[in-house]
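Residue-level structure breakdown
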2 protein chains.
Amino acid sequence: MLNFEFYNPTHIVFGKKTETQVGDMVKQYGGRRVLLHYGGGSIKKYGLYDSIIKSLEASGVEYIELSGVKPNPRLSLVREGIRMCREQGADFILAVGGGSVIDSAKAIATGTPYGGDVWDFYQGMAEAETVLPVGVVLTIPAAGSESSTGSVITNEEGWYKRAYNSLLLRPRFAILNPELSYTLPPFQTAAGAADIMAHVMERYFTDVTHVDLTDRLCESTLRTVIKYVPIALMEPENYDARAEIMWAGTIAHNDLLATGRIGDWASHGIEHELSAVYDVAHGAGLAVVFPAWMKYVYAHNLDRFVQFAVRVFDVEYDFSDPERTALQGIERLREYFKSTGLAVTLKDLDIGDDRLEEMARKCAEDGPVGNFVKLGEKDVWEIYRLAK
Amino acid sequence: MLNFEFYNPTHIVFGKKTETQVGDMVKQYGGRRVLLHYGGGSIKKYGLYDSIIKSLEASGVEYIELSGVKPNPRLSLVREGIRMCREQGADFILAVGGGSVIDSAKAIATGTPYGGDVWDFYQGMAEAETVLPVGVVLTIPAAGSESSTGSVITNEEGWYKRAYNSLLLRPRFAILNPELSYTLPPFQTAAGAADIMAHVMERYFTDVTHVDLTDRLCESTLRTVIKYVPIALMEPENYDARAEIMWAGTIAHNDLLATGRIGDWASHGIEHELSAVYDVAHGAGLAVVFPAWMKYVYAHNLDRFVQFAVRVFDVEYDFSDPERTALQGIERLREYFKSTGLAVTLKDLDIGDDRLEEMARKCAEDGPVGNFVKLGEKDVWEIYRLAK
């Protein structure tokens, strides 16, 4: 186990009807004039918008609005949000939506008090010293951004998708009402779950030894998602299934599962290129990339993949052939993604061969990706080919 | 799953040599003049005291000292600490030790800015509005007080042992260096582990349904402790074993495992009377009380005890006789405690029959204890008798 720090002060408010507390939560964390940030019309369609406005007004919190966040949130909208916050004096960003909205809100929160251009942070050219506080009402369990340190933004000039991480970016509060995920289409439920699982697996595959407790916490989180996603797909309004998935999504990415270990994160990088070039939903891309990555690297640390197979997917340990056990685990994961309706090959995503080299080059242009196995451009290309 | 809030802003600094950061941590969290609070001579014997003083001085933090905290920390010393803080203007309490020291520090932190007597809080007659900040350097993994909301103090006038809980009591930071637990005698290692396990089990045994994720997180934490305590007992300087136990001890009691469920806590109450009357170490008392409590209540929710047996102790599920499976789980827990050198009967603790009724009466004098099964005086007495 490695030395670590763990500090996650995001105040979680979880359960039925909790979105009605949003005005009070904003006020408790110092917001007087919020930028209400969201995506498209779905929050209006299902009454969430009204409920939030009512709560803000009841608490005497002023608000301005910026909607239109798309999956793979765009830098141009972030810049617009920053302009609005500066011109209209917002002191708090309230994100209502999933990971894209939250990431966009975090970028606005980072860029508003900064003298230069917000993209500097995503290029590793600046470090935030102060940010506006962010609060969240979560509607999609997936990205874990509701209590994470990260934000991923896509720059349309060149379609670069890049991340910025800072302890300052953990939201002050996150309201998690599983009922708000009832209306998610099956695809978003499944893709979100793939994202949650990927957050755990990126941390699970490590060469750091003696991380038994966090291994088991990871396995617990994976097993929970694996159990409840099929239930949520069959019964979209099953509160308990939605609740297990939503809480798992937060725990998967609040850094508890990272304590004392080094994560890999190559698959995220490899997927980001897919999302940037083909505008694939992040979780859907991960369902294709992760099993391919696993096949490419499993021999590096066979024991870890055997443990994954046995403990996460109940593969019977083949004492005479551990490699077979490991490969069965990878196959079970693929089958599982498939059973939830996700594509598991690039072909299923209608993605051909023509830009694989370009994506591999962009993915590795700042040096090798991943920690478990360091992958150069050629390795990434091989993984895309395994995913065909 | 029930609605819940989860807010744990304790900043964890975990790993080798981390106690050398204590001065900077105190300063980061606003301490300028600390009350350094600790137990007996062990922190001086092994060099920890010197290392802390050096770090405080290097960071320009002033300090006053109050040592002498005993297991089952006493109200009289708390009152002395409060006097010292008021008279000498301490603005931060630094606890160096295990749960007793931390609980005592929390009581001092609560009582110092309060107009009345600090025991008011422990009698449920006052609610803290402000407390002095507390920081921790942990030496004994057991109580989980390093990031919990609780403090348990013993009032020598009548030997009442009572708890006070407040979100304000979570320490600002906790420094966890597993090396500091190398010198723990086997008894303290084992008793501490029993305390950790009890914190998990108090939450595990609940009638709240659909708490699958937290069930699994509980099981993960228990399995980790069960695996590593025998290793730490055989190899006291095995860093990895000490590290797994120490981190498990914090997670067991930081409230993550409580999310969405109602804990029981009867066993803690039943044990507190033992500690108060016979000055038994809390963990050692729990190793006697918990299996007895289980035997008394298991029929109330057999499934839960079967799950415990199968998932925590790998008892083979007897499809034709689940009750037998459940009982085997309880027996395995007893055997496990015994294998770590702990007493599992009152007799082994040299405790006779003569005060069982008195303890049962005191335990239930404010009404029934426990949530899983509500226990009155007679039930508590039966549990003491089962523990004979």
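Residues numbered from 1 in each chain as written. Chains lettered and ligands numbered in written order. Predicted model: local features only at pLDDT ≥ 70, side-chain atom pairs only at ≥ 80, totals over all residues. Heavy atoms only, no water.

What follows concerns the interface of chain A and chain B. Interface size, as often reported, equals the accessible area lost upon joining of the parts. Taken together, the contact pairs 40 residues of chain A with 40 residues of chain B. Carbon and sulfur atoms make up 56% of the area that chain A and chain B hide from each other, which totals about 3700 Å². Residues B:Lys227 and A:Asp212 are paired through a salt bridge, measuring 3.0 Å at the closest nitrogen-oxygen approach. Between the two partners, chain A and chain B, sit 24 residue pairs in polar contact (both at pLDDT 80 or more). Residue assignment for the side of chain A that touches chain B shows that the elements contributing at least two residues are β1 (4-6), β2 (11-14), α8 (212-234) and α9 (239-251) of chain A. With 11 residues, the single largest contributor to the side of chain A that touches chain B is α8(A). Among the residues forming the side of chain A that touches chain B, the class breakdown is 19 nonpolar, 13 polar and eight charged. Pairing of β1(A) with strand β2 (residues 11-14) of chain B involves three bridges; the strand directions are antiparallel. Each bridged residue has a counterpart across the sheet, and for A:Phe6 the counterpart in β2(B) is B:Ile12. (Contact = heavy atoms within 4.5 Å. Buried area = accessible area lost by both parts, 1.4 Å probe. Salt bridge = Lys/Arg side-chain N within 4 Å of Asp/Glu carboxyl O. Polar contact = N/O pair within 3.5 Å; in protein donor to acceptor, adjacent residues only side chain to side chain. Helix = DSSP H or I, 4+ residues; strand = E, 2+ residues; numbered from the N terminus. Nonpolar A, V, L, I, M, F, W, Y, C, P; charged D, E, K, R; others polar. Pairing = 2+ DSSP bridges.)

This part is about the packing of aromatic side chains. All names here are of chain B. According to the stated counting rule, one finds 50 aromatic pairs over all chains in the structure shown. Taking the centre distance of 5.2 Å and the plane angle of 50 degrees together, the rings of Phe121 and Tyr164 count as tilted. Residue Phe121 is found in helix α6 (residues 119-122), and its partner Tyr164 is found in strand β8 (residues 160-165); the two are separated by 43 residues along the sequence. A relative accessible area of 3% places Phe121 in the buried class. Look at Tyr164 and you get buried, because its relative accessible area is 4%. (Phe/Tyr/Trp six-rings, centres within 6.5 Å; stacked < 30°, edge-to-face > 60°. Buried < 20%, exposed > 50% of the residue type's maximum accessible area, 1.4 Å probe, protein only.)

With respect to the element layout, A:Thr221 can be found in helix α8. By relative accessible area, which is 0% here, A:Thr221 ends up buried. Sequence-distant contacts of A:Thr221, defined by excluding residues within four places in its chain, comprise A:Val200, A:Ala248, A:Ile251, A:Ala252, A:Leu257, B:Leu213 and B:Leu217.

Before going further, it helps to spend a moment on the pattern of salt bridges. Residues and elements named next belong to chain B. Counted under the stated rule, the structure contains 36 salt bridges over all chains. In this structure, Arg304 engages Asp215 in a salt bridge whose closest nitrogen and oxygen atoms are separated by 2.5 Å. Placement of the pair is Arg304 in helix α12 (residues 302-313) and Asp215 in helix α8 (residues 212-234), with a sequence separation of 89 residues. Judged by its relative accessible area of 9%, Arg304 is buried.

On to the relation of the copies chain A and chain B, then. Mapping chain A onto chain B leaves a residual RMSD of 0.0 Å; the transformation is a rotation of 180 degrees accompanied by 0.0 Å of translation along its axis. Taken together, these values place the two copies in the relation of a two-fold axis. Identified as the residue of chain A closest to the rotation axis by C-alpha distance is A:Pro9, at 2.1 Å. Comparing interface residues between copies, 100% of those in chain A also sit at the interface in chain B, which points to an isologous, same-surface contact. (Least-squares fit on C-alpha atoms with pLDDT ≥ 70 in both.)

Before going further, it helps to spend a moment on the sheet that holds strand β5 (residues 92-97) of chain A. Within the open sheet, the seven strands sit side by side as β4(A)-β3(A)-β5(A)-β6(A)-β9(A)-β2(A)-β1(B). Their pairing is mixed. Each having just a single partner strand, β4 (62-66) of chain A together with β1 (4-6) of chain B make up the two edges of the open sheet. The average undirected angle you get between the axes of adjacent strands in this sheet is 15 degrees. Against the sheet, helix α3 (residues 48-58) of chain A contacts β3 (33-38), β4, β5 and β6 (134-138) of chain A, and its axis sits at roughly 175 degrees relative to β3(A). Strands β3, β4 and β5 of chain A of the sheet are contacted by helix α4 (residues 75-88) of chain A, whose axis makes an angle of about 155 degrees with β4(A). (Axes fitted to C-alpha atoms, helices over the stretch in contact; angles between N-to-C directions.)

One open sheet holds the seven strands; their spatial order is β1(A)-β2(B)-β9(B)-β6(B)-β5(B)-β3(B)-β4(B), and the pairing between them is mixed. At either margin of the open sheet sits one strand with a lone partner, and together these are β1 of chain A together with β4 (62-66) of chain B. Each strand axis lies, on average, 15 degrees off the axis of its neighbour in the sheet, ignoring direction. When strand β5 (residues 92-97) of chain B meets strand β6 (residues 134-138) of chain B, the two strands line up parallel, connected through five bridges. In the sheet register, B:Leu94 faces β6(B), and the bridge partner there is B:Gly135. On the sheet, helix α9 (residues 239-251) of chain B packs against β1 of chain A together with β2, β6 and β9 (173-176) of chain B and is oriented at approximately 170 degrees with respect to β2(B).

Next up on the list: the nonpolar core. Within the largest apolar cluster, 238 residues are counted, with the highest numbers of intra-cluster contacts made by A:Trp293 and B:Trp293. If we ignore the near neighbours within four places in the chain, the residues touching B:Trp293 are B:Phe205, B:Asp264, B:Ala266, B:Ser267, B:Phe305, B:Phe372, B:Leu375 and B:Ile383. (Core = buried A, V, L, I, M, F, W, Y, C linked by side-chain atoms within 4.5 Å.)

To continue, consider empty space enclosed by the protein. Within the structure shown, the criterion is met by two cavities of 30 Å³ or more. Of the pockets and cavities examined, the largest cavity occupies roughly 170 Å³. Contributing to the lining of the largest cavity are 17 residues, with A:Phe6, A:Asn8, A:Asn254, B:Phe6 and B:Asn254 lying nearest its centre. Grouping the amino acids of the lining of the largest cavity by side-chain chemistry returns seven nonpolar, 10 polar and no charged. Approximately 30 Å³ is the volume found for the second largest cavity. Considering the residues around the second largest cavity, the lining is formed by A:Val131, A:Leu132, A:Pro133, A:Val134, A:Leu168, A:Leu169, A:Arg170 and A:Arg172. (1 Å grid on protein atoms, 1.4 Å probe; cavity = no way out; pocket = protein on both sides within 12 Å on 5 of 7 lines; lining within 4 Å. Points joined across faces, edges and corners; volume = space filled by probe spheres on them.)

Moving on, we get to the environment of B:Leu356. Residue and element names in this part refer to chain B. Residue position: Leu356 is located in helix α14 (residues 356-363). The sequence separation of Leu356 and Lys295 amounts to 61 residues, and the corresponding C-alpha distance is 18 Å. With residues up to four places along the chain from it excluded, the contact list for Leu356 reads Leu346, Trp381, Tyr384, Arg385 and Lys388.

In this section: the environment of B:Leu213. On the secondary structure map, B:Leu213 appears in helix α8. Separated by 124 residues in sequence, B:Leu213 and B:Gly89 place their C-alpha atoms 46 Å apart. Not counting chain neighbours up to four residues away, the residues in contact with B:Leu213 comprise A:Ser220, A:Thr221, A:Thr224, A:Glu244, A:Trp247, A:Ala248 and A:Ile251.

Moving on, we get to α9(A). All names here are of chain A. For α9, spanning 13 residues, the distance from its first C-alpha to its last is 18 Å, which sits close to the expected 18 Å at 1.5 Å a residue. Of all 13 residues in α9, 13 are buried; the element is thus mostly enclosed. Its side-chain oxygen 3.1 Å from the backbone nitrogen of Asp240, Asn238 forms the N-cap of α9. (Expected span 1.5 Å × (residues − 1).)

The next subject is the packing of α4(A) against helix α5 (residues 99-111) of chain A. All names here are of chain A. Running from N to C, α4 and α5 cross one another at 50 degrees; their axes reach a closest spacing of 9 Å. Compared by their axis directions, α4 and α5 come out oblique. For α4 against α5, the interelement crossing comes out right-handed. Contacts between α4 and α5 pair Val78, Gly81, Ile82, Cys85 and Arg86 from the former with Ser104, Ala107, Ile108 and Gly111 from the latter. For the contact of α4 with α5, the per-class residue count stands at five nonpolar, three polar and one charged. (Parallel < 35°, antiparallel > 145°, perpendicular 65-115°, else oblique. Left-handed = near helix turned anticlockwise from the far one by under 90°.)

So, about helix α4 (residues 75-88) of chain B. All names here are of chain B. Along its 14 residues, α4 runs 20 Å from first to last C-alpha, staying within 8% of the 20 Å computed at 1.5 Å per residue. What α4 keeps buried is the set Leu75, Leu77, Val78, Gly81, Ile82, Met84 and Cys85. Against β3 (33-38), β4, β5, α5 (99-111), α6 and β7 (150-155) lie the buried residues of α4. Just beyond α4, the residue with positive phi is Gly89, at close to 65 degrees.

Right, let's talk about unusual backbone geometry for a bit. The backbone of A:His210 sits at a positive phi, close to 60 degrees, despite the residue not being glycine. As for its position among the elements, A:His210 is in the loop between α7 (186-204) and α8. Among the residues examined, A:His210 registers a relative accessible area of 38% and is labelled partly exposed. Positive phi values are uncommon outside glycine, yet B:Asn72 reaches one of about 55 degrees. Mapped onto the elements, B:Asn72 comes out in the loop between β4 and α4. On the basis of relative accessibility, which here comes to 6%, the residue B:Asn72 falls in the buried class.

The values reported here are purely geometric and, on their own, carry no functional implication.
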